[in-house]
Amino acid sequence: MHLIDPDLIQEHNGHQLQHVARDYAHLGEQLARRGIDVDAVRQRVAALGVALPSWGVGTGGTRFARFPGPGEPRHVFDKLQDCGVIQQLARATPTVSLHIPWDQCSDWSALRETASGYGLGFDAINSNTFSDQRGQAHSYKFGSLSHSDAGTREQAVAHNVECIRIGQRLGSRALTVWVGDGSNFPGQQHLRRAFERYLESARQIYQALPDGWRMFLEHKLCEPAFYSTVIQDWGSSYLAASALGPRAQCLVDLGHHAPSVNIEMIVARLIGAGKLAGFHFNDSKYGDDDLDAGSVAPYRLFLVFNELVAAAHEGVAGFAPAYMLDQSHNVTDPIESLMGSAAQVQRSYAQALLVERDLLDAAQDANDALLASQTLKRGFETDVTPILQRLRLDAGGAIDPVAAYRASGYRARVARERPARTAGGSSGIV
Ligand code: AOS
Ligand code: ZN
Ligand code: ZN
Ligand code: ZN
(Lines give C-alpha, C1' and ligand atoms only; values in the text may rest on other atoms or scores of the structure.)
(Ligands and ions follow the chains in the order given, each with its own letter.)
Protein backbone atom coordinates (compact mmCIF):
# COMPACT_ATOMS: atom_id res chain seq x y z
CA MET A 1 0.00 0.00 0.00
CA HIS A 2 1.38 3.38 -1.02
CA LEU A 3 1.21 6.13 1.54
CA ILE A 4 3.08 8.57 -0.69
CA ASP A 5 2.21 8.72 -4.38
CA PRO A 6 4.93 6.77 -6.26
CA ASP A 7 4.60 9.17 -9.19
CA LEU A 8 5.59 12.02 -6.92
CA ILE A 9 8.67 10.10 -5.78
CA GLN A 10 9.58 9.27 -9.34
CA GLU A 11 9.15 12.83 -10.46
CA HIS A 12 11.29 14.03 -7.60
CA ASN A 13 13.98 11.48 -8.36
CA GLY A 14 13.87 12.39 -12.04
CA HIS A 15 15.61 15.70 -11.47
CA GLN A 16 18.59 14.03 -9.84
CA LEU A 17 18.96 10.76 -11.70
CA GLN A 18 21.89 11.84 -13.83
CA HIS A 19 23.76 13.42 -10.94
CA VAL A 20 23.42 10.29 -8.83
CA ALA A 21 24.64 8.10 -11.71
CA ARG A 22 27.68 10.29 -12.24
CA ASP A 23 28.51 10.66 -8.55
CA TYR A 24 28.15 6.92 -8.01
CA ALA A 25 30.41 6.10 -10.96
CA HIS A 26 33.01 8.57 -9.72
CA LEU A 27 32.94 7.12 -6.21
CA GLY A 28 33.21 3.63 -7.71
CA GLU A 29 36.33 4.74 -9.55
CA GLN A 30 37.89 6.20 -6.40
CA LEU A 31 37.14 3.08 -4.39
CA ALA A 32 38.46 0.79 -7.11
CA ARG A 33 41.85 2.49 -6.63
CA ARG A 34 41.71 1.19 -3.04
CA GLY A 35 40.69 -2.25 -4.26
CA ILE A 36 37.12 -1.80 -3.06
CA ASP A 37 34.10 -2.80 -5.14
CA VAL A 38 31.42 -0.12 -4.70
CA ASP A 39 28.60 -2.48 -5.74
CA ALA A 40 29.59 -5.01 -3.09
CA VAL A 41 29.52 -2.28 -0.45
CA ARG A 42 26.12 -1.11 -1.67
CA GLN A 43 24.71 -4.63 -1.45
CA ARG A 44 25.89 -5.05 2.10
CA VAL A 45 24.42 -1.75 3.18
CA ALA A 46 21.16 -2.70 1.46
CA ALA A 47 20.96 -5.74 3.72
CA LEU A 48 21.16 -3.65 6.90
CA GLY A 49 17.82 -2.86 8.47
CA VAL A 50 17.33 -0.53 11.39
CA ALA A 51 14.15 -0.69 13.47
CA LEU A 52 12.00 2.36 14.12
CA PRO A 53 10.88 3.09 17.67
CA SER A 54 7.08 3.39 17.69
CA TRP A 55 7.43 6.07 20.37
CA GLY A 56 9.72 8.08 18.11
CA VAL A 57 7.08 9.19 15.60
CA GLY A 58 5.36 11.38 18.17
CA THR A 59 7.01 14.52 19.54
CA GLY A 60 8.93 13.33 22.58
CA GLY A 61 9.50 16.53 24.46
CA THR A 62 11.67 16.85 27.51
CA ARG A 63 10.81 16.44 31.17
CA PHE A 64 9.99 20.14 31.20
CA ALA A 65 7.55 20.42 28.35
CA ARG A 66 6.28 18.89 25.19
CA PHE A 67 5.32 20.97 22.18
CA PRO A 68 3.27 18.68 19.96
CA GLY A 69 3.46 19.14 16.21
CA PRO A 70 0.58 18.94 13.77
CA GLY A 71 -0.81 15.52 12.88
CA GLU A 72 0.65 13.65 15.83
CA PRO A 73 -0.23 9.94 15.78
CA ARG A 74 -3.29 9.19 17.91
CA HIS A 75 -2.69 5.47 18.37
CA VAL A 76 -0.50 2.62 17.28
CA PHE A 77 -2.12 2.39 13.85
CA ASP A 78 -1.24 6.03 13.15
CA LYS A 79 2.27 5.38 14.41
CA LEU A 80 2.62 2.46 12.02
CA GLN A 81 1.39 4.59 9.17
CA ASP A 82 4.07 7.19 9.88
CA CYS A 83 6.65 4.40 10.04
CA GLY A 84 5.31 3.21 6.68
CA VAL A 85 6.05 6.64 5.19
CA ILE A 86 9.57 6.56 6.56
CA GLN A 87 10.14 3.12 5.07
CA GLN A 88 8.59 4.01 1.72
CA LEU A 89 10.82 7.06 1.25
CA ALA A 90 14.07 6.12 2.98
CA ARG A 91 14.07 2.31 2.57
CA ALA A 92 16.27 1.56 5.55
CA THR A 93 13.74 0.71 8.26
CA PRO A 94 11.84 -2.51 7.54
CA THR A 95 10.80 -3.10 11.16
CA VAL A 96 9.19 -1.32 14.10
CA SER A 97 9.92 -1.77 17.79
CA LEU A 98 6.77 -1.49 19.91
CA HIS A 99 6.48 -0.27 23.48
CA ILE A 100 3.84 -1.78 25.74
CA PRO A 101 1.50 -0.42 27.05
CA TRP A 102 2.12 2.80 25.11
CA ASP A 103 1.05 0.83 22.06
CA GLN A 104 -2.45 -0.31 22.93
CA CYS A 105 -4.29 -2.58 20.58
CA SER A 106 -7.31 -4.85 20.79
CA ASP A 107 -6.41 -6.86 17.68
CA TRP A 108 -2.74 -7.67 17.28
CA SER A 109 -3.31 -9.74 14.13
CA ALA A 110 -4.94 -6.73 12.48
CA LEU A 111 -1.93 -4.65 13.50
CA ARG A 112 0.45 -7.20 12.04
CA GLU A 113 -1.50 -7.20 8.80
CA THR A 114 -1.57 -3.44 8.62
CA ALA A 115 2.18 -3.38 9.18
CA SER A 116 2.86 -5.88 6.46
CA GLY A 117 0.70 -3.80 4.11
CA TYR A 118 3.25 -1.01 4.64
CA GLY A 119 6.11 -3.45 4.15
CA LEU A 120 6.90 -3.47 7.87
CA GLY A 121 7.61 -6.24 10.38
CA PHE A 122 8.34 -6.08 14.09
CA ASP A 123 11.65 -6.04 15.91
CA ALA A 124 12.18 -6.36 19.68
CA ILE A 125 9.21 -5.53 21.86
CA ASN A 126 9.77 -3.18 24.82
CA SER A 127 8.18 -3.54 28.22
CA ASN A 128 7.49 -0.58 30.47
CA THR A 129 7.77 -0.86 34.22
CA PHE A 130 9.19 2.63 34.63
CA SER A 131 5.81 4.31 34.82
CA ASP A 132 2.50 3.35 36.40
CA GLN A 133 -0.40 2.36 34.23
CA ARG A 134 -3.99 3.15 35.02
CA GLY A 135 -5.56 0.58 37.32
CA GLN A 136 -2.42 -1.36 38.21
CA ALA A 137 -2.34 -2.74 41.76
CA HIS A 138 1.24 -1.79 42.71
CA SER A 139 3.19 1.38 41.96
CA TYR A 140 6.67 1.42 40.41
CA LYS A 141 7.59 4.59 42.25
CA PHE A 142 10.27 2.68 44.16
CA GLY A 143 11.18 0.20 41.48
CA SER A 144 9.79 -2.73 39.53
CA LEU A 145 11.79 -5.91 38.91
CA SER A 146 14.04 -5.05 41.87
CA HIS A 147 11.33 -3.64 44.17
CA SER A 148 11.52 -4.55 47.85
CA ASP A 149 7.90 -5.76 47.69
CA ALA A 150 7.32 -9.21 46.17
CA GLY A 151 3.87 -8.31 44.84
CA THR A 152 5.29 -5.39 42.85
CA ARG A 153 8.02 -7.60 41.43
CA GLU A 154 5.45 -10.22 40.42
CA GLN A 155 3.37 -7.59 38.67
CA ALA A 156 6.44 -6.38 36.74
CA VAL A 157 7.38 -9.93 35.76
CA ALA A 158 3.82 -10.62 34.60
CA HIS A 159 3.87 -7.47 32.45
CA ASN A 160 7.07 -8.61 30.74
CA VAL A 161 5.62 -12.05 30.09
CA GLU A 162 2.53 -10.38 28.63
CA CYS A 163 4.84 -8.36 26.33
CA ILE A 164 6.41 -11.59 25.12
CA ARG A 165 2.95 -12.98 24.32
CA ILE A 166 2.07 -9.86 22.35
CA GLY A 167 5.42 -9.99 20.58
CA GLN A 168 4.76 -13.60 19.59
CA ARG A 169 1.58 -12.54 17.84
CA LEU A 170 3.50 -9.88 15.94
CA GLY A 171 6.47 -11.99 14.92
CA SER A 172 8.97 -10.30 17.26
CA ARG A 173 11.94 -12.38 18.37
CA ALA A 174 13.21 -10.42 21.34
CA LEU A 175 12.12 -8.59 24.47
CA THR A 176 13.95 -5.43 25.48
CA VAL A 177 13.94 -4.74 29.19
CA TRP A 178 14.95 -1.37 30.50
CA VAL A 179 14.12 -0.54 34.11
CA GLY A 180 14.58 2.80 35.82
CA ASP A 181 14.97 0.99 39.16
CA GLY A 182 17.48 2.48 41.55
CA SER A 183 17.68 5.07 44.29
CA ASN A 184 17.91 8.80 44.71
CA PHE A 185 19.68 8.92 48.07
CA PRO A 186 22.73 7.18 49.43
CA GLY A 187 21.41 4.68 51.93
CA GLN A 188 17.96 4.49 50.34
CA GLN A 189 18.59 1.05 48.92
CA HIS A 190 20.69 -2.00 49.75
CA LEU A 191 22.72 -2.02 46.54
CA ARG A 192 23.52 -5.74 46.47
CA ARG A 193 20.07 -6.93 47.47
CA ALA A 194 18.37 -4.74 44.85
CA PHE A 195 20.50 -6.40 42.16
CA GLU A 196 19.73 -9.87 43.55
CA ARG A 197 16.02 -9.13 43.44
CA TYR A 198 16.35 -7.87 39.88
CA LEU A 199 18.08 -11.12 38.92
CA GLU A 200 15.41 -13.24 40.53
CA SER A 201 12.67 -11.41 38.60
CA ALA A 202 14.62 -11.37 35.34
CA ARG A 203 15.11 -15.14 35.65
CA GLN A 204 11.37 -15.66 35.62
CA ILE A 205 11.04 -13.58 32.47
CA TYR A 206 13.94 -15.43 30.89
CA GLN A 207 12.21 -18.74 31.60
CA ALA A 208 9.15 -17.50 29.73
CA LEU A 209 11.13 -16.81 26.53
CA PRO A 210 9.77 -18.83 23.60
CA ASP A 211 12.14 -20.80 21.36
CA GLY A 212 14.28 -18.58 19.20
CA TRP A 213 13.75 -15.52 21.40
CA ARG A 214 16.38 -13.37 23.05
CA MET A 215 16.15 -11.04 26.03
CA PHE A 216 17.90 -7.68 25.67
CA LEU A 217 19.01 -5.98 28.88
CA GLU A 218 19.45 -2.24 28.47
CA HIS A 219 21.71 -0.48 30.94
CA LYS A 220 21.66 3.22 31.72
CA LEU A 221 23.90 5.30 33.95
CA CYS A 222 21.17 7.26 35.70
CA GLU A 223 17.74 8.83 35.30
CA PRO A 224 15.19 8.58 36.78
CA ALA A 225 17.23 7.24 39.71
CA PHE A 226 19.92 9.86 40.24
CA TYR A 227 22.03 8.29 42.94
CA SER A 228 22.22 4.63 41.93
CA THR A 229 20.68 2.58 39.16
CA VAL A 230 20.35 -1.20 39.40
CA ILE A 231 21.56 -1.89 35.85
CA GLN A 232 23.73 1.18 35.52
CA ASP A 233 26.42 0.07 33.10
CA TRP A 234 27.57 -2.75 30.87
CA GLY A 235 29.23 -4.43 33.87
CA SER A 236 25.96 -4.96 35.72
CA SER A 237 24.23 -5.75 32.45
CA TYR A 238 26.88 -8.33 31.61
CA LEU A 239 26.67 -9.90 35.06
CA ALA A 240 22.90 -10.17 34.75
CA ALA A 241 23.00 -11.50 31.18
CA SER A 242 25.61 -14.08 32.18
CA ALA A 243 23.60 -15.20 35.20
CA LEU A 244 20.47 -15.57 33.08
CA GLY A 245 21.92 -17.61 30.25
CA PRO A 246 22.98 -17.51 26.61
CA ARG A 247 19.79 -15.95 25.32
CA ALA A 248 20.16 -12.88 27.52
CA GLN A 249 22.38 -10.19 26.03
CA CYS A 250 23.33 -6.57 26.61
CA LEU A 251 21.78 -3.75 24.64
CA VAL A 252 23.80 -0.59 24.12
CA ASP A 253 21.90 2.70 23.95
CA LEU A 254 24.52 5.19 22.85
CA GLY A 255 23.22 7.85 25.25
CA HIS A 256 23.39 5.72 28.37
CA HIS A 257 27.01 6.18 29.40
CA ALA A 258 29.06 8.59 31.43
CA PRO A 259 30.68 11.39 29.43
CA SER A 260 34.02 10.34 27.92
CA VAL A 261 33.27 6.62 28.21
CA ASN A 262 34.66 4.75 25.23
CA ILE A 263 31.49 3.16 23.85
CA GLU A 264 33.16 1.33 20.97
CA MET A 265 35.34 -0.46 23.51
CA ILE A 266 32.25 -1.63 25.36
CA VAL A 267 30.90 -2.87 22.05
CA ALA A 268 34.14 -4.72 21.39
CA ARG A 269 34.06 -6.35 24.83
CA LEU A 270 30.46 -7.44 24.46
CA ILE A 271 31.15 -8.88 21.02
CA GLY A 272 34.12 -10.77 22.42
CA ALA A 273 31.95 -12.21 25.17
CA GLY A 274 29.11 -13.15 22.79
CA LYS A 275 26.84 -10.80 24.70
CA LEU A 276 26.08 -7.95 22.31
CA ALA A 277 22.29 -7.78 21.89
CA GLY A 278 22.23 -4.73 19.70
CA PHE A 279 21.71 -0.99 19.82
CA HIS A 280 19.47 1.91 20.50
CA PHE A 281 21.04 4.46 18.19
CA ASN A 282 20.82 8.15 18.97
CA ASP A 283 23.31 10.87 19.74
CA SER A 284 24.10 13.03 22.71
CA LYS A 285 26.40 15.68 24.02
CA TYR A 286 25.64 15.41 27.73
CA GLY A 287 23.55 12.43 28.77
CA ASP A 288 20.60 10.49 27.43
CA ASP A 289 19.87 13.40 25.09
CA ASP A 290 18.24 11.13 22.49
CA LEU A 291 19.24 13.43 19.63
CA ASP A 292 19.29 12.26 16.03
CA ALA A 293 21.88 9.56 15.30
CA GLY A 294 25.17 11.06 14.18
CA SER A 295 24.02 14.65 14.68
CA VAL A 296 26.66 15.40 17.31
CA ALA A 297 29.38 12.78 17.07
CA PRO A 298 29.28 10.96 13.73
CA TYR A 299 32.87 9.73 14.16
CA ARG A 300 31.82 7.87 17.31
CA LEU A 301 29.03 6.14 15.42
CA PHE A 302 31.52 5.20 12.73
CA LEU A 303 33.87 3.77 15.36
CA VAL A 304 31.05 1.64 16.74
CA PHE A 305 30.34 0.34 13.24
CA ASN A 306 34.02 -0.27 12.73
CA GLU A 307 33.85 -2.80 15.58
CA LEU A 308 30.77 -4.40 14.04
CA VAL A 309 32.28 -4.67 10.59
CA ALA A 310 35.49 -6.09 12.04
CA ALA A 311 33.50 -8.73 13.95
CA ALA A 312 31.58 -9.74 10.83
CA HIS A 313 34.81 -9.74 8.80
CA GLU A 314 36.46 -12.04 11.32
CA GLY A 315 33.40 -14.31 11.43
CA VAL A 316 32.75 -14.01 15.17
CA ALA A 317 30.37 -16.85 16.03
CA GLY A 318 26.79 -15.96 16.96
CA PHE A 319 27.29 -12.31 16.05
CA ALA A 320 23.80 -10.97 15.22
CA PRO A 321 23.13 -7.55 16.74
CA ALA A 322 19.74 -5.86 16.46
CA TYR A 323 19.77 -2.30 15.19
CA MET A 324 17.15 0.09 16.52
CA LEU A 325 16.73 3.83 16.78
CA ASP A 326 15.73 5.35 20.11
CA GLN A 327 15.34 9.08 19.81
CA SER A 328 13.21 11.90 21.13
CA HIS A 329 12.28 14.63 18.68
CA ASN A 330 11.55 17.97 20.24
CA VAL A 331 12.11 20.53 17.50
CA THR A 332 11.84 18.57 14.26
CA ASP A 333 9.18 16.63 12.40
CA PRO A 334 9.81 13.11 13.76
CA ILE A 335 9.37 11.55 10.31
CA GLU A 336 12.15 13.73 8.91
CA SER A 337 14.43 13.05 11.87
CA LEU A 338 13.93 9.31 11.68
CA MET A 339 14.58 9.19 7.93
CA GLY A 340 17.77 11.15 8.47
CA SER A 341 18.88 8.97 11.35
CA ALA A 342 18.27 5.75 9.46
CA ALA A 343 20.37 7.10 6.59
CA GLN A 344 23.04 8.12 9.07
CA VAL A 345 23.22 4.56 10.41
CA GLN A 346 23.60 3.31 6.83
CA ARG A 347 26.27 5.93 6.23
CA SER A 348 28.33 4.90 9.26
CA TYR A 349 28.04 1.27 8.23
CA ALA A 350 29.11 2.04 4.66
CA GLN A 351 32.08 4.07 5.88
CA ALA A 352 33.15 1.24 8.17
CA LEU A 353 32.90 -1.19 5.25
CA LEU A 354 35.44 0.96 3.41
CA VAL A 355 38.14 0.47 6.01
CA GLU A 356 40.96 -1.51 4.44
CA ARG A 357 41.14 -4.27 7.04
CA ASP A 358 44.38 -5.86 5.87
CA LEU A 359 46.21 -2.54 5.89
CA LEU A 360 44.80 -1.74 9.31
CA ASP A 361 45.81 -5.14 10.70
CA ALA A 362 49.32 -4.72 9.32
CA ALA A 363 49.68 -1.21 10.77
CA GLN A 364 48.45 -2.45 14.14
CA ASP A 365 50.85 -5.39 14.13
CA ALA A 366 53.73 -3.07 13.24
CA ASN A 367 52.67 -0.62 15.97
CA ASP A 368 52.45 2.10 13.34
CA ALA A 369 49.99 4.27 15.20
CA LEU A 370 49.83 7.03 12.63
CA LEU A 371 49.25 4.77 9.65
CA ALA A 372 46.66 2.76 11.59
CA SER A 373 44.78 5.90 12.51
CA GLN A 374 44.92 7.24 8.94
CA THR A 375 43.80 3.93 7.49
CA LEU A 376 40.82 3.83 9.82
CA LYS A 377 39.91 7.44 9.18
CA ARG A 378 40.00 7.07 5.41
CA GLY A 379 36.75 5.14 5.64
CA PHE A 380 35.11 7.89 7.66
CA GLU A 381 36.37 10.62 5.39
CA THR A 382 34.86 9.09 2.28
CA ASP A 383 31.59 10.64 1.21
CA VAL A 384 29.35 7.64 0.67
CA THR A 385 26.27 9.71 -0.19
CA PRO A 386 26.03 8.33 -3.76
CA ILE A 387 25.83 4.79 -2.35
CA LEU A 388 22.94 5.74 -0.09
CA GLN A 389 21.17 7.59 -2.89
CA ARG A 390 21.51 4.64 -5.26
CA LEU A 391 20.21 2.30 -2.57
CA ARG A 392 17.06 4.30 -2.08
CA LEU A 393 16.59 4.75 -5.79
CA ASP A 394 16.97 1.03 -6.53
CA ALA A 395 14.50 0.14 -3.78
CA GLY A 396 11.84 2.54 -5.05
CA GLY A 397 12.49 5.18 -2.41
CA ALA A 398 13.43 8.82 -2.72
CA ILE A 399 16.90 10.05 -3.57
CA ASP A 400 16.25 12.94 -1.20
CA PRO A 401 13.68 11.61 1.30
CA VAL A 402 13.13 14.84 3.21
CA ALA A 403 12.53 16.90 0.06
CA ALA A 404 10.12 14.29 -1.33
CA TYR A 405 8.33 14.07 2.01
CA ARG A 406 7.89 17.83 2.18
CA ALA A 407 6.63 17.92 -1.39
CA SER A 408 4.12 15.17 -0.63
CA GLY A 409 2.19 17.28 1.88
CA TYR A 410 1.80 14.20 4.11
CA ARG A 411 2.06 16.12 7.36
CA ALA A 412 -0.63 18.61 6.37
CA ARG A 413 -2.85 15.75 5.25
CA VAL A 414 -2.61 13.86 8.53
CA ALA A 415 -2.95 17.09 10.48
CA ARG A 416 -6.43 17.37 9.00
CA GLU A 417 -7.25 13.76 9.88
CA ARG A 418 -5.74 13.74 13.36
CA PRO A 419 -7.05 16.32 15.80
CA ALA A 420 -4.40 18.34 17.65
CA ARG A 421 -3.21 16.95 20.96
CA THR A 422 -2.76 19.05 24.01
CA ALA A 423 0.72 19.98 25.14
CA GLY A 424 1.92 18.25 28.27
CA GLY A 425 4.75 16.49 30.01
CA SER A 426 7.28 14.29 28.33
CA SER A 427 6.75 10.71 27.15
CA GLY A 428 5.92 8.69 24.12
CA ILE A 429 2.49 8.03 25.51
CA VAL A 430 -0.14 8.84 23.00
C1 AOS B 1 15.37 4.80 28.44
O2 AOS B 1 16.12 5.75 28.70
C3 AOS B 1 15.68 3.83 27.44
O4 AOS B 1 16.40 4.41 26.41
C5 AOS B 1 14.59 2.89 26.94
O6 AOS B 1 14.99 2.32 25.74
C7 AOS B 1 13.21 3.43 26.83
O8 AOS B 1 12.35 2.35 26.88
C9 AOS B 1 12.91 4.22 25.58
O10 AOS B 1 13.79 5.29 25.49
C11 AOS B 1 11.52 4.75 25.53
O12 AOS B 1 11.37 5.81 26.44
ZN1 ZN C 1 16.98 3.12 24.79
ZN1 ZN D 1 18.85 7.14 24.76
ZN1 ZN E 1 17.34 6.21 27.00
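Summarised in this report is the structure supplied together with it. Everything numeric here is computed off the predicted structure, so don't read it as measured data.

What counts and what doesn't
Residues numbered from 1 in each chain as written. Chains lettered and ligands numbered in written order. Predicted model: local features only at pLDDT ≥ 70, side-chain atom pairs only at ≥ 80, totals over all residues. Near = placed C-beta within 6 Å. Nonpolar A, V, L, I, M, F, W, Y, C, P; charged D, E, K, R; others polar. Pairing = 2+ DSSP bridges. Helix = DSSP H or I, 4+ residues; strand = E, 2+ residues; numbered from the N terminus. Expected span 1.5 Å × (residues − 1). Buried ≥ 20, exposed ≤ 12 C-beta atoms within 10 Å, placed from the backbone. Core = buried A, V, L, I, M, F, W, Y, C linked by C-beta atoms within 7 Å. Contact = placed C-beta atoms within 7 Å. Right-handed = clockwise from strand over helix to strand, strands pointing away.

1. Digging into the site of ligand 1
Working step 1: In the vicinity of ligand 1 there are 10 residues, among which Asn126, Trp178, Asp253, Asp288 and Asp326 approach most closely.
Working step 2: Residues of the shell around ligand 1, tallied by class, amount to 2 nonpolar, 3 polar and 5 charged.

2. Topic: the sheet that holds strand S1 (residues 52-53)
Working step 1: Spatially, 3 strands are ordered S1-S2-S3 in an open sheet, and the strand pairing comes out parallel. Looking at strand neighbours, the two that pair on one side only are S1 and strand S3 (121-122), the edges of this open sheet.
Working step 2: Judged from the 2 bridges that link them, S1 and strand S2 (residues 95-97) form a sheet pairing that is parallel. Across the sheet, residue Leu52 finds its bridge partner in S2, namely Val96.

3. Brief notes about the sheet that holds strand S9 (residues 248-253)
Working step 1: The strand order across the open sheet formed by 6 strands is S4-S5-S7-S9-S10-S11, and the pairing between neighbours is parallel. Only two strands of the sheet have a single partner each, and these edge strands are strand S4 (125-126) and strand S11 (322-325).
Working step 2: Here strand S5 (residues 174-177) pairs with strand S7 (residues 214-218) via 4 bridges, running parallel. Its bridge partner lying in S7, Val177 is registered against Leu217.

4. What about helix H11 (residues 334-353)?
Working step 1: Under the 1.5 Å per step criterion, the end-to-end length of H11 is 28 Å for 20 residues, consistent within 8% with the ideal 28 Å.
Working step 2: Buried residues dominate H11, accounting for 18 of its 20 residues.

5. Regarding the nonpolar core
Working step 1: Judged by nonpolar contacts, the single largest core of 106 residues is most densely connected at Leu217 and Cys250.
Working step 2: No other element matches H11, which puts 10 residues into this core.
Working step 3: The contact partners of Cys250, leaving out residues within four places of it in the chain, are Leu217, His219, Trp234, Ser237, Tyr238, Ala241, Leu270, Lys275, Leu276 and Ala277.

6. Observations concerning the pairing of S9
Working step 1: In terms of burial, S9 is a largely internal element, 6 of the 6 residues being buried.
Working step 2: Pairing between S7 and S9: 4 bridges, direction parallel. Among the inter-strand pairings, Glu218 is bridged to a residue of S9, identified as Leu251.
Working step 3: With 4 bridges joining them, S9 and strand S10 (residues 276-281) adopt parallel strand pairing. Opposite Asp253, over in S10, you have His280 as the bridge partner.
Working step 4: With respect to chirality, the unit in which S9 leads through helix H9 (residues 263-272) into the neighbouring parallel S10 is right-handed.

7. A short note on the pairing of S5
Side-chain direction in a regular strand flips from residue to residue, so the side chains alternate between the two faces of the sheet.
Working step 1: Side chains Ala174 and Thr176 of S5 all project onto a buried face; the interleaved residues Leu175 and Val177 project onto the opposite face, where all are buried too.
Working step 2: Relative to S5, S4 runs parallel, the two sharing 2 bridges. Looking at S5, one finds that Ile125 is bridged to Leu175.
Working step 3: As for the winding sense of the linkage, the β-α-β connection from S4 through helix H6 (residues 150-170) to S5 is right-handed.

That's the geometry; what it means functionally is another story.
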